[in-house]
Amino acid sequence: MQTLGFRRPNQVREAVYRHLKDLLLSGRFAPGERLSEPLLAQELGVSRTPVREALMRLAEEGLVELVPGRGARVRIFSPEEVEEVYGVRALLEGEAAREAALRATPWELADLEARLKAIDEAPPEDYPEQMRRDLEFHRALVRLSGNKTLYRLYEDLLSSLALVRSALSTLSQEETTRKEHQAILEALKRRDPEGAKRAVEAHVYRFRDLVVARLRKGGV
(Lines give C-alpha, C1' and ligand atoms only; values in the text may rest on other atoms or scores of the structure.)
Protein backbone atom coordinates (compact mmCIF):
# COMPACT_ATOMS: atom_id res chain seq x y z
CA MET A 1 0.00 0.00 0.00
CA GLN A 2 1.28 3.43 -0.95
CA THR A 3 0.70 6.49 1.23
CA LEU A 4 2.36 9.25 -0.69
CA GLY A 5 2.93 12.70 0.74
CA PHE A 6 1.21 12.34 4.10
CA ARG A 7 1.62 15.24 6.52
CA ARG A 8 0.52 15.16 10.13
CA PRO A 9 -1.21 18.43 11.12
CA ASN A 10 -2.95 19.11 14.42
CA GLN A 11 -6.28 17.73 13.29
CA VAL A 12 -5.04 14.16 13.01
CA ARG A 13 -8.42 12.47 12.65
CA GLU A 14 -9.50 14.67 9.76
CA ALA A 15 -6.08 14.45 8.13
CA VAL A 16 -6.08 10.65 8.23
CA TYR A 17 -9.59 10.51 6.82
CA ARG A 18 -8.81 12.95 4.00
CA HIS A 19 -5.56 11.22 3.14
CA LEU A 20 -7.07 7.73 2.96
CA LYS A 21 -10.01 9.03 0.92
CA ASP A 22 -7.66 10.72 -1.54
CA LEU A 23 -5.72 7.47 -1.94
CA LEU A 24 -8.91 5.53 -2.54
CA LEU A 25 -10.18 7.99 -5.14
CA SER A 26 -6.86 8.05 -6.97
CA GLY A 27 -6.87 4.27 -7.38
CA ARG A 28 -3.89 3.64 -5.09
CA PHE A 29 -5.79 0.71 -3.59
CA ALA A 30 -7.28 -2.03 -5.74
CA PRO A 31 -10.96 -3.02 -5.41
CA GLY A 32 -11.20 -5.67 -2.72
CA GLU A 33 -7.78 -4.88 -1.27
CA ARG A 34 -7.56 -5.36 2.48
CA LEU A 35 -6.92 -2.20 4.47
CA SER A 36 -4.90 -3.20 7.51
CA GLU A 37 -5.63 -0.89 10.43
CA PRO A 38 -2.30 -1.47 12.24
CA LEU A 39 -0.27 -1.27 9.04
CA LEU A 40 -1.92 1.99 7.97
CA ALA A 41 -1.40 3.43 11.45
CA GLN A 42 2.28 2.50 11.31
CA GLU A 43 2.79 3.94 7.83
CA LEU A 44 1.03 7.19 8.71
CA GLY A 45 2.74 7.53 12.06
CA VAL A 46 -0.48 7.73 14.05
CA SER A 47 -2.34 5.56 16.55
CA ARG A 48 -4.92 3.04 15.39
CA THR A 49 -7.84 5.13 16.69
CA PRO A 50 -7.91 7.81 13.93
CA VAL A 51 -7.37 5.10 11.31
CA ARG A 52 -10.29 3.08 12.68
CA GLU A 53 -12.50 6.18 12.72
CA ALA A 54 -11.48 7.09 9.18
CA LEU A 55 -12.30 3.60 7.90
CA MET A 56 -15.71 3.78 9.59
CA ARG A 57 -16.43 7.13 7.90
CA LEU A 58 -15.32 5.76 4.54
CA ALA A 59 -17.58 2.75 5.06
CA GLU A 60 -20.52 5.09 5.69
CA GLU A 61 -19.71 6.79 2.37
CA GLY A 62 -19.71 3.47 0.54
CA LEU A 63 -15.99 3.45 -0.29
CA VAL A 64 -14.93 0.77 2.19
CA GLU A 65 -16.55 -2.44 3.38
CA LEU A 66 -16.20 -3.56 7.00
CA VAL A 67 -16.15 -7.37 7.02
CA PRO A 68 -16.88 -8.96 10.41
CA GLY A 69 -13.81 -10.78 11.67
CA ARG A 70 -11.70 -9.69 8.69
CA GLY A 71 -11.46 -5.92 8.99
CA ALA A 72 -11.80 -3.40 6.18
CA ARG A 73 -11.38 -3.72 2.44
CA VAL A 74 -11.89 -1.48 -0.57
CA ARG A 75 -15.45 -1.81 -1.82
CA ILE A 76 -16.13 -4.01 -4.82
CA PHE A 77 -19.05 -2.94 -7.00
CA SER A 78 -21.38 -5.47 -8.59
CA PRO A 79 -21.99 -5.31 -12.36
CA GLU A 80 -25.49 -3.96 -11.65
CA GLU A 81 -24.09 -1.18 -9.45
CA VAL A 82 -21.55 -0.27 -12.13
CA GLU A 83 -24.33 0.06 -14.69
CA GLU A 84 -26.21 2.36 -12.33
CA VAL A 85 -23.17 4.55 -11.64
CA TYR A 86 -22.29 4.89 -15.32
CA GLY A 87 -25.91 5.46 -16.30
CA VAL A 88 -26.13 8.42 -13.92
CA ARG A 89 -22.72 9.63 -15.08
CA ALA A 90 -23.85 9.59 -18.72
CA LEU A 91 -26.93 11.65 -17.84
CA LEU A 92 -25.02 14.25 -15.83
CA GLU A 93 -21.91 14.54 -17.96
CA GLY A 94 -23.82 14.40 -21.23
CA GLU A 95 -26.01 17.31 -20.17
CA ALA A 96 -22.94 19.17 -18.86
CA ALA A 97 -21.21 18.79 -22.23
CA ARG A 98 -24.31 20.05 -24.03
CA GLU A 99 -24.46 23.16 -21.85
CA ALA A 100 -20.68 23.69 -22.00
CA ALA A 101 -20.79 23.73 -25.81
CA LEU A 102 -23.17 26.67 -25.60
CA ARG A 103 -21.41 28.78 -22.97
CA ALA A 104 -17.72 27.88 -22.50
CA THR A 105 -15.26 30.63 -23.39
CA PRO A 106 -12.23 30.06 -25.65
CA TRP A 107 -10.00 30.43 -22.58
CA GLU A 108 -11.95 27.79 -20.68
CA LEU A 109 -11.71 25.42 -23.63
CA ALA A 110 -7.97 26.06 -23.82
CA ASP A 111 -7.68 25.09 -20.16
CA LEU A 112 -9.68 21.94 -20.82
CA GLU A 113 -7.37 21.07 -23.71
CA ALA A 114 -4.36 21.56 -21.43
CA ARG A 115 -5.88 19.12 -18.95
CA LEU A 116 -6.29 16.64 -21.77
CA LYS A 117 -2.62 16.96 -22.72
CA ALA A 118 -1.65 16.53 -19.07
CA ILE A 119 -3.06 12.99 -19.12
CA ASP A 120 -0.53 11.94 -21.76
CA GLU A 121 2.25 13.76 -19.92
CA ALA A 122 1.80 11.63 -16.81
CA PRO A 123 4.46 8.90 -16.36
CA PRO A 124 3.44 5.85 -18.44
CA GLU A 125 3.78 3.51 -15.46
CA ASP A 126 1.91 5.72 -12.98
CA TYR A 127 -1.65 4.58 -13.63
CA PRO A 128 -3.17 6.22 -10.50
CA GLU A 129 -1.79 9.61 -11.61
CA GLN A 130 -3.10 9.09 -15.12
CA MET A 131 -6.52 8.23 -13.74
CA ARG A 132 -6.47 11.24 -11.41
CA ARG A 133 -5.76 13.57 -14.34
CA ASP A 134 -8.39 11.81 -16.41
CA LEU A 135 -11.03 12.39 -13.74
CA GLU A 136 -9.90 16.02 -13.38
CA PHE A 137 -10.48 16.51 -17.10
CA HIS A 138 -14.04 15.28 -16.71
CA ARG A 139 -14.65 17.37 -13.59
CA ALA A 140 -13.44 20.45 -15.47
CA LEU A 141 -15.79 19.58 -18.33
CA VAL A 142 -18.76 19.41 -15.97
CA ARG A 143 -17.77 22.74 -14.38
CA LEU A 144 -17.86 24.38 -17.83
CA SER A 145 -21.60 23.78 -17.91
CA GLY A 146 -21.97 26.61 -15.42
CA ASN A 147 -24.71 24.55 -13.78
CA LYS A 148 -23.92 24.48 -10.06
CA THR A 149 -26.62 21.98 -9.20
CA LEU A 150 -25.43 19.58 -11.89
CA TYR A 151 -21.83 19.93 -10.72
CA ARG A 152 -22.80 19.24 -7.10
CA LEU A 153 -24.61 16.06 -8.14
CA TYR A 154 -21.59 15.02 -10.19
CA GLU A 155 -19.29 15.59 -7.22
CA ASP A 156 -21.55 13.37 -5.11
CA LEU A 157 -21.13 10.64 -7.72
CA LEU A 158 -17.38 11.07 -8.04
CA SER A 159 -16.37 8.82 -5.14
CA SER A 160 -18.27 5.86 -6.54
CA LEU A 161 -17.07 6.66 -10.05
CA ALA A 162 -13.42 6.75 -9.01
CA LEU A 163 -13.66 3.37 -7.28
CA VAL A 164 -15.44 1.81 -10.24
CA ARG A 165 -12.96 3.36 -12.67
CA SER A 166 -9.99 1.95 -10.71
CA ALA A 167 -10.89 -1.48 -12.07
CA LEU A 168 -9.50 -0.22 -15.41
CA SER A 169 -6.80 2.17 -14.26
CA THR A 170 -4.52 1.48 -17.25
CA LEU A 171 -6.70 2.97 -20.00
CA SER A 172 -6.29 6.73 -19.58
CA GLN A 173 -3.45 6.88 -22.12
CA GLU A 174 -4.94 4.25 -24.42
CA GLU A 175 -5.39 5.37 -28.03
CA THR A 176 -9.15 4.77 -28.09
CA THR A 177 -9.57 6.80 -24.90
CA ARG A 178 -7.44 9.57 -26.37
CA LYS A 179 -9.61 9.71 -29.51
CA GLU A 180 -12.81 9.79 -27.46
CA HIS A 181 -11.51 12.64 -25.31
CA GLN A 182 -10.47 14.52 -28.43
CA ALA A 183 -13.91 14.01 -29.98
CA ILE A 184 -15.49 15.60 -26.91
CA LEU A 185 -13.14 18.57 -27.09
CA GLU A 186 -13.66 19.09 -30.82
CA ALA A 187 -17.44 19.08 -30.43
CA LEU A 188 -17.14 21.73 -27.73
CA LYS A 189 -14.93 23.85 -29.97
CA ARG A 190 -17.46 23.54 -32.82
CA ARG A 191 -20.20 24.74 -30.45
CA ASP A 192 -22.06 21.52 -31.21
CA PRO A 193 -24.14 20.76 -28.08
CA GLU A 194 -25.71 17.54 -29.32
CA GLY A 195 -22.41 16.33 -30.76
CA ALA A 196 -20.67 16.99 -27.46
CA LYS A 197 -23.38 15.11 -25.59
CA ARG A 198 -23.15 12.13 -27.94
CA ALA A 199 -19.35 12.06 -27.69
CA VAL A 200 -19.49 11.99 -23.89
CA GLU A 201 -22.16 9.30 -23.84
CA ALA A 202 -20.17 7.09 -26.24
CA HIS A 203 -17.08 7.46 -24.04
CA VAL A 204 -18.93 6.76 -20.79
CA TYR A 205 -20.84 3.77 -22.10
CA ARG A 206 -17.69 2.17 -23.54
CA PHE A 207 -16.05 2.31 -20.12
CA ARG A 208 -19.22 0.99 -18.51
CA ASP A 209 -19.17 -2.02 -20.79
CA LEU A 210 -15.46 -2.63 -20.18
CA VAL A 211 -15.80 -2.49 -16.39
CA VAL A 212 -18.89 -4.71 -16.37
CA ALA A 213 -17.14 -7.25 -18.61
CA ARG A 214 -14.12 -7.26 -16.27
CA LEU A 215 -16.33 -7.84 -13.24
CA ARG A 216 -18.31 -10.62 -14.89
CA LYS A 217 -15.06 -12.40 -15.72
CA GLY A 218 -13.96 -12.09 -12.11
CA GLY A 219 -11.07 -9.81 -13.00
CA VAL A 220 -11.45 -7.49 -10.00
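You'll find the structure just up there.
Residues numbered from 1 in each chain as written. Predicted model: local features only at pLDDT ≥ 70, side-chain atom pairs only at ≥ 80, totals over all residues. Heavy atoms only, no water.

Draft legend 1. Structural detail: the pairing of strand 2 (residues 64-67). Direction of pairing for strand 2 relative to strand 3 (residues 71-74): antiparallel, over a ladder of four bridges. Bridged to Glu65 within strand 3 is Arg73. Taking the residues that link successive antiparallel strands as the turn, the strand 2-strand 3 hairpin has three residues, and the phi of Gly69 there is positive, at about 80°. (Pairing = 2+ DSSP bridges. Helix = DSSP H or I, 4+ residues; strand = E, 2+ residues; numbered from the N terminus.)

Draft legend 2. Inspection of the nonpolar core at higher detail. Leu20 and Leu188 are the most contacted members of the largest nonpolar core, which totals 67 residues. The contacts of Leu188, once residues within four sequence positions are left out, are Ala97, Ala100, Ala101, Leu109, Leu112, Leu141 and Ala196. (Core = buried A, V, L, I, M, F, W, Y, C linked by side-chain atoms within 4.5 Å. Buried < 20%, exposed > 50% of the residue type's maximum accessible area, 1.4 Å probe, protein only. Contact = heavy atoms within 4.5 Å.)

Draft legend 3. View of the sheet that holds strand 2. On the basis of which strands lie adjacent, the open sheet formed by three strands has the order 1-3-2 and antiparallel pairing. Two strands close off the open sheet at either side, each with one partner strand: strand 1 (34-35) and strand 2.

Draft legend 4. Representation of the packing of helix 4 (residues 79-103) against helix 9 (residues 193-216). Contact geometry for helix 4 and helix 9: axes closest at 8 Å, N-to-C directions at 165°. When the axis of helix 4 is compared with that of helix 9, the two are roughly antiparallel. Crossing of helix 4 over helix 9 shows right-handed handedness. (Axes fitted to C-alpha atoms, helices over the stretch in contact; angles between N-to-C directions. Parallel < 35°, antiparallel > 145°, perpendicular 65-115°, else oblique. Left-handed = near helix turned anticlockwise from the far one by under 90°.)

Draft legend 5. Just the pattern of salt bridges, in detail. For the structure shown, the criterion picks out 24 salt bridges. Residue Asp120 is joined to Arg178 by a salt bridge in which the shortest nitrogen-to-oxygen separation is 2.9 Å. With Asp120 in helix 5 (residues 106-121) and Arg178 in helix 8 (residues 175-189), this residue pair connects regions lying 58 residues apart in the sequence. Among the salt bridges present, the one from Glu129 reaches Arg132, with a minimum N-O distance of 2.7 Å. Residue Glu129 and its partner Arg132 are both found in helix 6 (residues 127-143); the two are separated by three residues, about one turn of the helix. (Salt bridge = Lys/Arg side-chain N within 4 Å of Asp/Glu carboxyl O.)

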